[in-house]
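# Analysis of the macromolecular model
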Amino acid sequence: KAGQIILAKGYGFANVEHQVPVKPETIFQSGSVGKQFTATAVMILVEEGKIKLDDSISKYLDNTPKIWKGVTVRHLLTHTAGMIMYPFDLNLRQDYTEDDLLNHATSIPLTFQPGEKWSYSNLGYFVLGIMISKLTGKFYGDFIQERIFKPLGMNTARVINEADIIPNRAAGYRLENGKLKNQEWFSPTFNSTADGSLYLTILDMAKWDAALYGEKILKRSSFEQMCTPVKLNDGKTYPYGLGWFLDEVQGHRLIHHAGGWQGFTSLIWRYVDDKLTIVVFDNLAQASPGTIANEVAAIYGAPPIK
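Read on for a plain summary of the structure. (Residues numbered from 1 in each chain as written. Predicted model: local features only at pLDDT ≥ 70, side-chain atom pairs only at ≥ 80, totals over all residues. Heavy atoms only, no water.)

What follows concerns the pattern of salt bridges. The tally for this structure, following the rule as stated, stands at 10 salt bridges. The shortest N-O distance in the salt bridge between aspartate 99 and lysine 134 comes to 2.9 Å. Placement of the pair is aspartate 99 in helix H3 (residues 98-106) and lysine 134 in helix H4 (residues 122-136), with a sequence separation of 35 residues. Salt-bridge contacts for arginine 174 lead to glutamate 176; the nearest nitrogen and oxygen are separated by 2.6 Å. (Salt bridge = Lys/Arg side-chain N within 4 Å of Asp/Glu carboxyl O. Helix = DSSP H or I, 4+ residues; strand = E, 2+ residues; numbered from the N terminus.)

Let us now look at the packing of aromatic side chains. Per the counting criterion, the structure on display carries 14 aromatic pairs. Each ring, one from phenylalanine 37 and one from phenylalanine 149, has its centre 5.4 Å from the other, and the planes form 70°; the classification is edge-to-face. Here phenylalanine 149 lies in helix H5 (residues 140-152) and phenylalanine 37 lies in helix H1 (residues 35-47), a separation of 112 residues in the sequence. You can call phenylalanine 37 buried: its relative accessible area is 0%. According to the relative accessible area criterion, phenylalanine 149 is buried, its value standing at 0%. Ring plane angle 40° and centroid distance 6.4 Å describe the contact between phenylalanine 126 and phenylalanine 190, whose orientation is recorded as tilted. Of this pair, phenylalanine 126 sits in helix H4 while phenylalanine 190 is found in the loop between strand S6 (179-182) and strand S7 (198-200), placing the two residues 64 residues apart along the sequence. Neither phenylalanine 126 nor phenylalanine 190 differs from the other in exposure class; each is buried. Taken together, the ring pairs connect Trp118, Tyr120, Tyr238, Tyr240 and Phe245 into an aromatic cluster. The ring of tyrosine 213 has arginine 270 lying over it, and the distance from NZ or CZ to the ring centre is 5.0 Å. (Phe/Tyr/Trp six-rings, centres within 6.5 Å; stacked < 30°, edge-to-face > 60°. Buried < 20%, exposed > 50% of the residue type's maximum accessible area, 1.4 Å probe, protein only. Lys NZ or Arg CZ within 6 Å of the ring centre and 35° of its normal.)

Here we take up the sheet that holds strand S3 (residues 28-29). With antiparallel pairing, three strands are arranged side by side in an open sheet as S3-S7-S4. Each edge of the open sheet carries a strand with a single partner, namely S3 and strand S4 (158-159). Here S3 runs beside S7; their pairing, made up of two bridges, is antiparallel. Looking at the pairing, phenylalanine 28 lines up with leucine 200 of S7. (Pairing = 2+ DSSP bridges.)

Glancing now at the side chain of threonine 64. Positionally, threonine 64 belongs in the loop between H1 and helix H2 (73-78). If we ignore the near neighbours within four places in the chain, the residues touching threonine 64 are Ser58 and Lys69. (Contact = heavy atoms within 4.5 Å.)

This part is about the pairing of strand S13 (residues 276-282). In terms of residue burial, S13 counts as a mostly covered element, since six of its seven residues are buried. Of the pairings in the sheet, the one linking strand S12 (residues 264-271) to S13 comprises seven bridges and is antiparallel in character. In the strand pairing of S13, tyrosine 271 is matched with leucine 276. What sits between the antiparallel neighbours S12 and S13 is a turn of four residues, in which lysine 275 has the positive phi angle 55°.

Looking now at the sheet that holds S13. Taken together, the four strands give an open sheet; going across it, the order is S10-S11-S12-S13, and neighbouring strands pair in antiparallel fashion. A strand with exactly one partner marks an edge of an open sheet, and here the two such strands are strand S10 (245-249) and S13. If you compare each strand with its neighbour and ignore which way they point, the axes differ by 20° on average. Across the face of the sheet, helix H6 (residues 202-211) comes into contact with S12 and S13 while running at roughly 155° to S13. Its contacts with the sheet put helix H8 (residues 289-299) on S12 and S13, and the angle it makes with S12 is roughly 30°. (Axes fitted to C-alpha atoms, helices over the stretch in contact; angles between N-to-C directions.)

For the rest of this paragraph, the subject is a nonpolar patch on the surface. A contiguous nonpolar surface patch, about 610 Å² in accessible area, is contributed by Ile6, Leu7, Tyr11, Ile299 and Tyr300. Note that isoleucine 299 resides in helix H8. (Patch = residues over 30% accessible without salt bridge, like charges linked within 9 Å, V, L, I, M, F, W, Y side chains within 5 Å. Areas by Shrake-Rupley, 256 points an atom, 1.4 Å probe, with all protein chains shown as cover.)

Phi at alanine 2 takes a positive value of approximately 55°, unusual for a residue other than glycine. Take alanine 2: it is sitting in the segment before strand S1 (13-15). The partly exposed category is assigned to alanine 2, whose relative accessible area is 43%. Positive phi values are uncommon outside glycine, yet asparagine 177 reaches one of about 55°. By the secondary structure assignment, asparagine 177 is in the loop between strand S5 (173-176) and S6.

Attention now moves to H3. Along H3, the positions that sit buried rather than exposed are Leu101, Leu102, His104 and Ala105. Buried residues in H3, looked at end-on, bunch into an arc of 160°, giving them a common side. Where the residues of H3 are buried, they touch H4. (Arc of directions from axis to C-beta.)

Here is the structure:
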């Protein structure tokens, strides 16, 4: 509440096989909750004059197809570029270079004209991560570590790396025919793309939430841009900004995002006017963090999302 922790608590097991309980320091995978950090990284570069949101992405990436000339940075951030959800014809257990991924992305036709409508696209955020890398000369994960995580003291936040020894890391699980199974394994490539491949704790997210009330990372005007609904070509708007869903629930403004990956699901709900933020991480693919968040919201007098 108002950037201060009211409750940070773990329930159940971070590792079922070893019966390790969840605690506030337990590290979870972010899923698409991580998109807000990619969007913030882009806005840092916008503030520095290195990117303009309404420039074609072909200005920042080499050898893009003609159809991409009309795709802007804003289109990628707002899921209005016409890119597909995910390149499912890639082998998720094989490693690829950033150039491999970009070459593959450019071979996939757009599904509609940029700005025509809204359609959620992980592929668009793949491309944003590559663009950050090309502009800064740094892997996008290193850039957000340097420019977001370290300044905020988010000491355990980082890009996923299953090979490293990481204290307090939770194991991910899924249900298969009613039986609990370990998460499926994907290659390091697909655990390091900018669509949300992060390790985070509740304590990291509390620091992030507190920072959003100030201007340590971004100017207030930049964050307001991130929380402005995207305008489509026909003049209508869609309730998504730059890395955030935007809603009003019974008169309460809400910016939020959810995610799921490798046996983890997650969400962050920020009731802006109430100065109330709820973050839920869990390590079961079929879990329902929204159900938990609705119950917590009710305790603090905020309306649930139906």
